[in-house]
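Descriptive analysis of the structure
For reference, the chains in residue letters:
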Amino acid sequence: MNTAPLSRNGSFTLRVNVGEQCQYDCGYCRPGLVRAPTGAAKRVQPTEYARLARLFGSLGVKKVRFTGGEPLLRPDFREVVAAFHGALPGATLALTTNGQRLEALLDAPPPGLGAVTVHVDSLQPERYRRLMGEGDVRAVLASVVRARELGFATKLNVVVQRGLNDDELPDFLAWSRRADIEVRFIELMNTGSASEFTRAHFFSGAEVVSRLGATQLGRKSAADPACLFRAADGTVFGLIASDTAPFCADCARLRLSADGRLRGCLYEPEGAPLIGLLREGASDAMLGALMKRNVAAKQSHHPSLALPRGQFSMADLGG
Ligand code: SAM
């Protein structure tokens with residue numbers, strides 16, 4: 001794979017990790033195991049997000065996805081969304097959540113939020129609790145359907161795990177048809193926080209395709225991490241095969257961690273200390289220059305490149 005800096009002319013998606021904490025404990029993620037979560041006072045604050053968002057807008061950020069950890073655990077989540085919506089009124093604002101607190105959010109959705117992706121690794125209540133944590137999958141799925149009815153662009157993320165949920169692939173397709181909501185199957189990525197688990201339960205995208213007798217349709221856009229497939233039963237699903245079929249050459253994602261570091265790649269070890277600089281009194285020009293340098297130097301650190309990288313949990317950087 002090419003290690004040269006990736007040049008980008010178009011638009012970027014900013015993935016904002018609003019906090020690393022999560023009430024779930026998925027075997028491949030393990031929030032808090034590698035690094036202590038950023039304390040509430042140290043996290044990027046809504047007023048800081050508003051200032052950064054304007055600068056990100058000038059850089060070409062057209063879409064913002066709030067992730068974590070679990071974003072809906074953050075008490076001021078609405079203010080965070082409002083900060084981005086106020087600064088970037090034309091941007092698509094999306095949420096990735098485990099859905100446990102989605103129902104309450106949908107009672108009064110934050111203005112500007114337009115898309116919701118919910119992560120569910122099993123449709124079976126008991127297995128769901130075993131794989132993810134205490135929670136009721138039926139209630140989560142009902143919230144996903146309600147989100148769609150309310151007009152949100154809605155998707156379901158499933159991390160496929162050998163021997164744990166790979167037998168449910170057809171069930172997820174049946175659910176997708178019934179609910180008319182796209183399901184995206186995700187390959188396990190080895191981020192270093194649960195290497196043994198990842199090795200034991202890795203199930204490749206190619207196996208998903210073969211198991212479902214699927215044919216490839218292609219990506220909705222070049223920068224979309226999911227490639228669409230049509231299963232033998234006619235259901236269209238997405239596949240994110242980050243491990244075996246990395247899409248780094250087309251990646252248009254930037255990541256802002258809860259402690260305010262900007263990365264051009266999930267696997268980038270350090271990132272640029274954006275909030276550190278802001279809190280030291282940097283001007284917009286200085287912050288903008290740091291962002292531009294980071295974007296110009298955006299390059300892949302994918303594990304297949306064997307570049308230096310540390311261990312992390314997806315919850316640390318935002319999946
Ligand atoms: N709490 C939210 C959720 O559950 O979706 C947002 C954060 S979570 C880290 C985002 C996504 O990353 C989830 O779909 C999760 O399954 C996925 N994820 C976490 N660790 C992963 C890994 N090692 N490989 C693949 N996907 C992973």
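The preceding data block contains the structure.
If you're wondering where the values come from, they're calculated on a predicted model, not measured in any experiment.

Quick word on the overall build of the protein
From N to C terminus, the protein includes 11 helices and 12 strands. In summary, the protein has a C-alpha radius of gyration of 19 Å against a globular reference of 20 Å for 319 residues, a match within 12%. With respect to the principal axes defined by its C-alpha atoms, the protein has extents near 55 × 45 × 35 Å. Buried positions account for 56% of the 319 residues belonging to the protein. Counting only contacts in the protein whose residues sit at least 6 apart along the sequence, the fraction spanning at least 24 positions is 71%. Counting every atom, the protein has about 13200 Å² of accessible surface; 52% of that belongs to carbon and sulfur. Side-chain charges in the protein split into 39 positive and 32 negative, and the spacing between the mean points of these groups amounts to 5 Å.

Details of the pairing of strand 2 (residues 61-67)
When you tally the buried positions in strand 2, you get 5 out of 7 residues, the bulk of the element. Two strands pair when backbone bridges link them, and strand 1 (residues 12-17) and strand 2 are joined in this way by 6 bridges, in the parallel orientation. Bridging from a neighbouring strand, Thr-13 pairs with Lys-63 of strand 2. Taking the sense of rotation as the criterion, the β-α-β connection linking strand 1, helix 1 (residues 46-59) and strand 2 turns out right-handed.

Description of the site of the ligand
Around the ligand sit 18 residues in total, of which Gly-69, Glu-70, His-119, Val-159 and Met-189 are the nearest. A distance of 3.0 Å is found between a nitrogen atom of the ligand and a side-chain nitrogen or oxygen belonging to Glu-70. Taking Met-189, its main chain carries an N or O atom lying 2.8 Å from a nitrogen atom of the ligand. When the ligand is considered free in solution it has 540 Å² of accessible area, and contact with the protein chains removes 95% of it. A breakdown of the residues in the shell around the ligand according to their chemical character gives 7 nonpolar, 9 polar and 2 charged.

So, the sheet that holds strand 2
Taken in spatial order, the 12 strands make up an open sheet running 7-8-9-6-5-4-3-2-1-10-11-12, and their pairing is mixed. Each end of this open sheet is capped by a strand with a single partner; those strands are strand 7 (215-218) and strand 12 (272-273). Direction of pairing for strand 2 relative to strand 3 (residues 92-97): parallel, over a ladder of 4 bridges. What sits directly across from Phe-66, in strand 3, is Leu-95. Strand contacts of helix 5 (residues 137-149): strand 4 (113-119) and strand 5 (153-159), with the helix running at about 150° to strand 5, the strand carrying the most contacts.

Here we look at the pairing of strand 5
Burial analysis of strand 5 places 6 of its 7 residues in the buried class, the great majority of the element. As judged from the 5 bridges shared by strand 4 and strand 5, these two strands associate in the parallel manner. Residue pairing across strands places Val-116 opposite Thr-154, the latter belonging to strand 5.

Some details on the pattern of salt bridges
For the coordinates displayed, the defined rule picks out 14 salt bridges. Put simply, Asp-284 and Arg-51 hold a salt bridge, and the shortest N to O gap is 2.7 Å. Remark: Arg-51 occurs in helix 1 and Asp-284 occurs in helix 10 (residues 284-296); sequence separation between them is 233 residues. Using a relative accessible area of 39% as the deciding quantity, one classes Asp-284 as partly exposed. Between Arg-74 and Asp-76 there is a salt bridge, with its nearest N and O atoms 2.6 Å apart. The class for Arg-74 is buried, based on a relative accessible area of 5%. Look at Asp-76 and you get buried, because its relative accessible area is 15%. Three or more residues are tied together by salt bridges with common partners; here these are Glu-103, Asp-107 and Arg-146.

Observations regarding helix 10
With 13 residues, helix 10 extends 18 Å between its outermost C-alpha atoms, agreeing within 8% with the 18 Å of an ideal straight helix rising 1.5 Å per residue. Residues of helix 10 that are buried make contact with strand 1, helix 1, strand 10 (253-256), strand 11 (261-263), strand 12 and helix 9 (274-279).

Points about unusual backbone geometry
At Asp-180, a residue that is not glycine, the phi angle is positive and equals roughly 60°. When you line up the elements, Asp-180 lands in the loop between helix 6 (169-179) and strand 6 (182-186).

Some remarks on the side chain of His-201
Note on placement: His-201 falls in helix 7 (residues 195-201). By relative accessible area, His-201 is classed as buried at 18%. Apart from the residues lying within four places of it in its own chain, the contact partners of His-201 are Val-160, Gln-161, Arg-162, Leu-164 and Leu-188.

Some points on the packing of helix 1 against helix 2 (residues 77-87)
Contact geometry for helix 1 and helix 2: axes closest at 8 Å, N-to-C directions at 25°. Judged on the interaxial angle alone, helix 2 and helix 1 are roughly parallel. Helix 2 is crossed by helix 1, and the crossing has right-handed handedness. Two secondary-structure elements touch here, helix 1 through Pro-46, Tyr-49, Ala-50, Ala-53 and Arg-54 and helix 2 through Glu-79, Val-80, Ala-83, Phe-84 and Ala-87. Its residues assigned to classes, the contact of helix 1 with helix 2 comprises 8 nonpolar, no polar and 2 charged.

How each quantity is defined
Throughout this document, residue positions are counted from 1 along each chain, in the order its sequence is written. Per-residue local features of the predicted model are confined to residues with pLDDT of at least 70, and side-chain atom pairs are confined, for both listing and counting, to 80 or more; whole-chain, interface and lining totals are unaffected and use all residues. In computing side-chain properties, one takes all heavy atoms of the structure into account and sets aside hydrogens as well as water. The secondary structure listing takes helices from DSSP runs of H or I that are at least 4 residues long and strands from runs of E that are at least 2 residues long, numbered from the N terminus. Here the globule rule is a power law, 2.2 Å times the number of residues to the power 0.38, and the radius of gyration is based on C-alpha atoms. Think of it in three bands: with a 1.4 Å probe and only protein chains considered, a residue is buried below 20% of the maximum accessible area for its type, exposed above 50%, and partly exposed in between. Here, two residues are considered to be in contact whenever any of their heavy atoms come within 4.5 Å of each other. Accessibility throughout is a Shrake-Rupley quantity obtained with a 1.4 Å probe, and a residue counts as covered only by protein chains that appear here. In this charge count, Lys and Arg are treated as positive and Asp and Glu as negative; neither His nor the chain ends contribute. Lys charges are placed at NZ, Arg charges at CZ, Asp charges at CG and Glu charges at CD. By definition, two strands form a pair when at least two bridges between them are found by DSSP. Handedness of a crossover is defined as follows: orient the strands so they point away from the viewer, and if the path from the first strand over the helix to the second runs clockwise, the crossover is right-handed. Any residue with a non-hydrogen atom lying within 4 Å of a molecule or strand is treated as near it. N or O atoms within 3.5 Å of each other form a polar contact, as long as, within protein, one can give a hydrogen and the other can take it, and as long as residues adjacent in sequence are counted only when both atoms are side-chain atoms. Amino acids are sorted into nonpolar (Ala, Val, Leu, Ile, Met, Phe, Trp, Tyr, Cys and Pro), charged (Asp, Glu, Lys and Arg) and polar (every other residue, Gly among them). Each axis is a line fitted through C-alpha atoms, taken for helices only over the stretch in contact, and angles between the N-to-C directions span 0 to 180 degrees. Here, a salt bridge means any side-chain nitrogen of Lys or Arg that lies within 4 Å of a carboxyl oxygen of Asp or Glu. Helix span, expected: 1.5 Å multiplied by one less than the number of residues in the helix. Angular relationships are summarised with four words: roughly parallel below 35 degrees, roughly antiparallel beyond 145, roughly perpendicular across 65 to 115, and oblique for the angles in between. In this scheme the crossing of two helices becomes right-handed for a clockwise turn of the near helix relative to the far one and left-handed for an anticlockwise turn of less than a right angle.

Everything listed is a geometric property; what it means functionally is a separate question.
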